[in-house]
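Chain residues, written in single-letter form:
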Amino acid sequence: MSFLFLSIIFALPCLVFGHGGVWNYSIANEWRPGFFPYYPAEGQSSTQRHWIDFSPITDVETPTLVCNNPGSYAEEYATVAAGAEIAAYYKGWPHDIGPVIVWMAYCGSEPTSCSSFNGTGRHWFKIAQSGLLSGTVREGLWAQGQMIANNYTWSATIPETLKEGAYLLRHELVALHVPFTPEFYPECAHLYVQGSGNGVPGDEFLASIPGVWKDDEPELHLDIYTEPTSSRTEWAIPGPRVWSGSGDTE
Ligand SMILES: [Cu+2]
């Protein structure tokens, strides 16, 4: 990698003011580079679907809510055992108010099945989510603040009983610092999950993307700076419950 290339990469956060996304993954302790936004797709080969820049998505009905813009298919996929841990690295993420949610969607039985699956529709289940951890909406510790404190890293575990197959892994940050304008930051990776389990999330755990987020959802459309919202100590993460792989319990 050339010096010029590295210089441009490290200069990027200064150029693009205060947004971001998943840069890299550690999948079962193996480092997996993400796609480099702001660079042509040509010459890149990543486990991550392509995203053009750090801009937030604010339209809850756009197909780019699935795997960002343009969200075109990853060239590679990561083989991972069910039950393994995956860490996402959000280099320089600047916002500390809002949840972190990790989703998956079944692409098909072949290792490369995600390369012909666009992900729109009712395919998505949560494998992890974290919202307001302590304190108040305005001053408290949110999952995004904890992610920053943890070296910009967020870890989640593939449910151990998950049925073998190809899956999209979708990390989503919802930034809540702009009043009544939630910002969505999704990035997706292609996985091939191996294991002997036959777990499939039940219908009540599934959500459509786009579709799961609504413009009238009060927990997303709020003003964290004013009362009575700012001093609240509870915040409910919208959408379905997390599927842990073991039936209907969270
Ligand atoms: Cu931002």
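Please read all numbers here as calculations on a predicted model, not as lab measurements.

1. Considerations on the nonpolar core
Counting residues in hydrophobic clusters, the biggest one holds 60 residues, and the most contacted among them are Met104, Ala105, Ile127, Tyr167, Leu168, Leu169 and Leu191. Ranked by residues supplied to this core, first place goes to strand 5 (residues 100-108) with eight residues.

2. Observations concerning the UniProt feature "domain: Auxiliary Activity family 9 catalytic" (unreviewed entry) in the chain
If you check UniProt for "domain: Auxiliary Activity family 9 catalytic" (unreviewed entry), the listed places come out as residues 19-229 in our numbering. Between the first and last C-alpha atoms of residues 19-229 the distance is 24 Å; the span itself is 5% helix and 34% strand.

3. A word on the sheet that holds strand 5
In space, the six strands of this open sheet follow the order 3-11-10-5-6-12, with mixed pairing throughout. The open sheet has two edge strands with one neighbour each: strand 3 (78-81) and strand 12 (207-209). Strand-to-strand, the axes of this sheet are offset by a mean angle of 45 degrees, without reference to chain direction. Pairing analysis gives six bridges linking strand 5 to strand 6 (residues 121-130), with the strands arranged antiparallel.

4. Focus on the sheet that holds strand 2 (residues 30-33)
Across the sheet, four strands lie side by side as 2-1-4-9; this open sheet has antiparallel pairing. Single-partner strands in this sheet number two, and they are strand 2 and strand 9 (153-157). For this sheet, the mean angle separating the axes of adjacent strands, direction not counted, is 20 degrees. Of the pairings in the sheet, the one linking strand 4 (residues 85-89) to strand 9 comprises five bridges and is antiparallel in character. Bridge pairing links alanine 87 to serine 155 in strand 9.

Each value, and the rule that gives it
Residues numbered from 1 in each chain as written. Predicted model: local features only at pLDDT ≥ 70, side-chain atom pairs only at ≥ 80, totals over all residues. Core = buried A, V, L, I, M, F, W, Y, C linked by C-beta atoms within 7 Å. Buried ≥ 20, exposed ≤ 12 C-beta atoms within 10 Å, placed from the backbone. Helix = DSSP H or I, 4+ residues; strand = E, 2+ residues; numbered from the N terminus. UniProt positions renumbered as here; feature names shortened; annotations may be inferred. Pairing = 2+ DSSP bridges. Axes fitted to C-alpha atoms, helices over the stretch in contact; angles between N-to-C directions.

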